[in-house]
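Secondary and tertiary structure notes
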Amino acid sequence: MNAIAPAAAAPAPAPPAQDAALRRAIAASAMGNATEWFDYGIYAYGVTYISAALFPGDTDEAVLFALATFAISFLVRPLGGLFWGPLGDRLGRKSVLALTILLMSAATLCVGLIPDHAAIGFWAPALLILLRMVQGFSTGGEYGGAATFMAEYAPDARRGFHGSFLEFGTLAGFSLGASLMLGFSLLLGEEAMHAWGWRIPFLIAAPMGLIGMYLRSKMEDTPVFRAAASLHDNGRASPGLALLTRRHWRPMLVVGGLVVALNVVNYTLLSYMPTYLQRRIGLSSDEALIVPIIGMLLMMVFLPFAGGLSDRVGRRPMWRVSLIGLLVGAAPLYMLMATGLAGAIAGFVLLGLLYVPQLATISATFPALFPTQVRFAGFAVAYNVSTSIFGGTAPAIGSGLIGLTGNDLMPAFYMMLACAVGLFALRFMPETAGRSLYDDPFAAEGHIGGKEAPRGKIDPS
């Protein structure tokens with residue numbers, strides 16, 4: 001872990017970004033996140049069409065294969081984090097983010113162009129798997145980079161509020177994907193959707209990616225990165241994985257543990273829910289799309305309020321309330337969803353609002369746990385390793401546990417277990433609200449239980 005050096009050894013914090021620059025930074029970060037989650041939205045909400053078009057076998061087998069393919073993309077996310085993270089710490093945040101958004105949108109576009117299984121057989125699922133892996137590799141740098149970019153532009157005192165707009169982009173992209181799938185389904189009907197209609201939303205990813213790349217190319221790199229680069233003579237290579245884990249294992253473990261809760265809830269609630277509502281609760285395909293769309297729109301309303309509140313009360317209390325609320329409420333709310341359409345809407349909305357305190361504070365919480373010179377790499381690696389193991393697999397695990405036990409509440413129990421892991425990790429997370437990104441919150445030896453470490457500066461050596 002880095003030693004504590006006198007304050008004079010570190011650069012003075014850069015002045016807060018001008019309002020116009022901050023607004024551009026928010027737009028550039030959120031647009032990439034929206035593009036990433038637009039893909040997840042159209043895939044998750046179009047999984048029945050995708051499975052029928054690109055996979056062999058009966059409906060149940062094809063859907064399970066499609067959900068497994070969704071999980072496969074997450075297996076390469078750590079490789080993306082290992083590649084893009086150190087590159088972003090060495091070359092700058094914006095250069096990497098311009099590349100990752102292009103890769104993501106191009107791969108999503110190509111998914112919509114894959115011929116049906118009836119036309120090319122084995123190559124249809126094989127091409128889908130390959131493109132999902134490209135998406136996973138690019139996403140391994142996208143989210144960590146976007147959150148870092150946002151955090152380093154935002155003023156210390158309002159990092160939670162400004163950072164919440166990154167997740168606003170998440171839900172906006174997801175909602176747009178879901179809404180397009182629902183809209184085309186209502187407009188075209190089941191037969192046309194199965195024949196060709198499901199492809200149209202995938203083709204829209206191309207212009208979204210170009211807009212995001214344009215926004216990012218027009219930005220300067222973050223003030224924090226530029227100040228650190230000038231201190232180290234135009235930058236210093238980010239350490240390799242072995243050195244990164246040896247010196248910064250504490251924040252990496254804390255982030256990894258919190259991400260178990262964050263992304264099991266996230267992918268169970270947002271990605272798997274349409275399939276769950278349709279196949280387990282018995283809602284129609286259109287109703288199964290309407291429920292999450294209503295829930296996500298309400299979550300978007302509360303995100304900035306939750307982010308702003310975290311600036312006043314701290315990140316740890318927000319996470320604690322969310323984790324305990326989900327731990328207690330997940331099973332009863334899943335039971336409420338099983339009562340019909342009205343119950344499904346009410347249950348989903350309440351689960352979503354319990355999740356909002358986590359979601360709103362991701363980009364304010366996680367980047368601040370790492371020092372500047374390893375922030376992109378440390379966050380990207382820790383986040384993506386945990387996400388690949390627990391997040392992307394959550395839909396397939398939820399579906400598999402139901403098949404194994406016959407209990408439709410298994411996704412809720414899995415969510416509760418993940419929240420228990422998150423509560424344990426939270427004990428070791430220091431409070432970072434209002435703290436300068438030039439501080440290393442884990443720098444003080446003996447830091448335990450989330451207590452404040454002395455606010456020493458990072459030793460530039």
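Scroll up a little and you will see the structure.
This write-up is about the structure you can find in this document. Every value quoted in this text rests on a predicted model; they were computed, and no experiment measured them.

Here's the deal with the overall build of the chain
The helix and strand inventory of the chain stands at 21 helices and 2 strands. The proportion of buried residues among the 461 residues of the chain is 61%. Looking at the chain as shown, the accessible area adds up to about 16,300 Å², and 70% of this sits on carbon and sulfur atoms.

Re the packing of helix H15 (residues 285–313) against helix H16 (residues 315–337)
The contact between H15 and H16 brings their axes to 7 Å, and the two run at 125°. As the angle between them shows, H15 and H16 are arranged oblique. Residue-level inspection shows Ala 306, Leu 309, Ser 310, Asp 311 and Val 313 of H15 in contact with H16, the latter providing Arg 315, Pro 317 and Met 318. Among the residues forming the contact of H15 with H16, the class breakdown is 5 nonpolar, 1 polar and 2 charged.

Details of the environment of Asp 221
Inspection of the secondary structure puts Asp 221 in the loop between helix H10 (205–217) and helix H11 (223–231). Accessibility expressed as a relative area gives 11% for Asp 221, which makes it buried. The spatial distance from the C-alpha of Asp 221 to the C-alpha of Arg 93 is 6.3 Å, given a sequence separation of 128 residues. When sequence neighbours within four positions are dropped, the list of residues in contact with Asp 221 reads Leu 91, Gly 92, Arg 93, Lys 94, Phe 149, Tyr 153 and Arg 226.

Brief notes about the nonpolar core
Counting residues in each nonpolar core, the largest one holds 115 residues, and the members touching the most others are Leu 54, Trp 198, Leu 277, Tyr 334 and Phe 366. Setting aside anything within four residues of it in sequence, one finds Leu 54 in contact with Ile 114, Pro 115, Asp 116, His 117, Ala 124, Pro 125, Leu 128 and Trp 198. Residues Val 224, Ala 227, Leu 437 and Tyr 438 belong to the second largest nonpolar core, which totals 6 residues.

Describing the pattern of salt bridges
For the coordinates displayed, the defined rule picks out 5 salt bridges. For Asp 116, the salt bridge goes to Arg 199, with nearest N and O atoms at 2.6 Å. In this pair, Asp 116 is assigned in the loop between helix H5 (93–111) and helix H6 (117–120) and Arg 199 in the loop between helix H8 (159–195) and helix H9 (200–203), connecting sequence segments 83 residues apart. Residue class for Asp 116 comes out partly exposed when judged on its relative accessible area of 26%. A relative accessible area of 13% means that Arg 199 is categorised as buried. Between Arg 375 and Glu 152 there is a salt bridge, with the nearest N and O atoms lying 2.7 Å from each other. Taken as a pair, Arg 375 in helix H19 (residues 375–391) and Glu 152 in helix H7 (residues 123–153) lie far apart in primary sequence, 223 residues in all. Exposure remark for Glu 152: the relative accessible area of 3% places this residue in the buried category.

Looking at the packing of aromatic side chains
In total, this model carries 15 aromatic pairs according to the counting rule given. With centroids separated by 5.3 Å and ring planes inclined at 85°, the aromatic side chains of Phe 161 and Phe 165 adopt a geometry described as edge-to-face. You can see Phe 161 and its partner Phe 165 sitting in helix H8, 4 residues apart, about one turn around the helix. The exposure class assigned to Phe 161 is partly exposed, which follows from its relative accessible area of 22%. Owing to a relative accessible area of 24%, Phe 165 belongs among the partly exposed residues under this scheme. A centroid spacing of 5.8 Å and a plane angle of 65° characterise the contact between Phe 366 and Phe 379, whose relative ring orientation is edge-to-face. Of this pair, Phe 366 sits in the loop between helix H18 (362–365) and H19 while Phe 379 sits in helix H19; the two residues are 13 residues apart in sequence, bridging distant segments of the chain. Taken as a pair, Phe 366 and Phe 379 share a single burial class, namely buried. In this structure an aromatic cluster arises from ring pairing among Trp 319, Phe 366, Phe 379 and Tyr 383. Of note, Arg 132 hangs over the ring of Tyr 43, and the distance from its end group to the ring centre comes to 4.5 Å.

Some points on helix H20 (residues 394–405)
Spanning 12 residues, H20 covers 16 Å between terminal C-alpha atoms, matching the ideal 16 Å at 1.5 Å per step. Those residues of H20 that fall on the buried side of the exposure criterion are Ala 394, Pro 395, Gly 398, Ser 399 and Ile 402. The buried residues of H20 occupy an angular sector of 135° when the element is viewed end-on, so they sit on one face. Away from its buried face, by an angle of more than 90 degrees, H20 presents the exposed residues Gly 403 and Leu 404. Note on H20: the residue one or two positions beyond its end, Gly 406, has a positive phi of about 75°.

The rules behind the values
Sequence positions are assigned chain by chain, starting from 1 and proceeding in written order. In keeping with the model being predicted, local features are shown solely for residues with a pLDDT of at least 70 and side-chain atom pairs are shown and tallied solely at 80 or more, while totals for entire chains, interfaces and linings include all residues. In computing side-chain values, all of the structure's heavy atoms are included and hydrogens and water are not. Going along the chain from the N terminus, every DSSP run of H or I of four or more residues is numbered as a helix, and every run of E of two or more is numbered as a strand. Accessible area is worked out with a 1.4 Å probe on protein chains only. A residue is then buried under 20% of its type maximum, exposed over 50%, and partly exposed in between. Accessible surface is estimated by sampling points in the Shrake-Rupley manner with a 1.4 Å probe; for residues, cover comes only from the protein chains shown. The angle between two axes is taken between their N-to-C directions and runs from 0 to 180 degrees, where each axis is a line fitted to C-alpha atoms and a helix contributes only its stretch in contact. Note on terminology: angles under 35 degrees are roughly parallel, angles over 145 are roughly antiparallel, angles of 65 to 115 are roughly perpendicular, and the others are oblique. Residues are treated as being in contact if the distance between any of their heavy atoms lies within 4.5 Å. In this classification, Asp, Glu, Lys and Arg are treated as charged, Ala, Val, Leu, Ile, Met, Phe, Trp, Tyr, Cys and Pro as nonpolar, and every other residue, Gly included, as polar. Throughout this description, the term nonpolar core refers to a set of buried Ala, Val, Leu, Ile, Met, Phe, Trp, Tyr and Cys residues connected via side-chain atoms within 4.5 Å. In what follows, salt bridge is the name for a side-chain nitrogen of Lys or Arg lying within 4 Å of a carboxyl oxygen of Asp or Glu. Aromatic rings from Phe, Tyr and Trp, taking only the six-membered ring of Trp, are treated as a pair when their centres fall within 6.5 Å; an angle between ring planes under 30 degrees marks them as stacked, one over 60 as edge-to-face, and anything in between as tilted. By the criterion adopted, a ring carries a charge over it if an Arg CZ or a Lys NZ lies within 6 Å of its centre and within 35 degrees of its normal. For a helix, the expected span equals 1.5 Å multiplied by the number of residues minus one. Starting at the helix axis, one direction is taken to each C-beta atom, and the arc is that of these directions.

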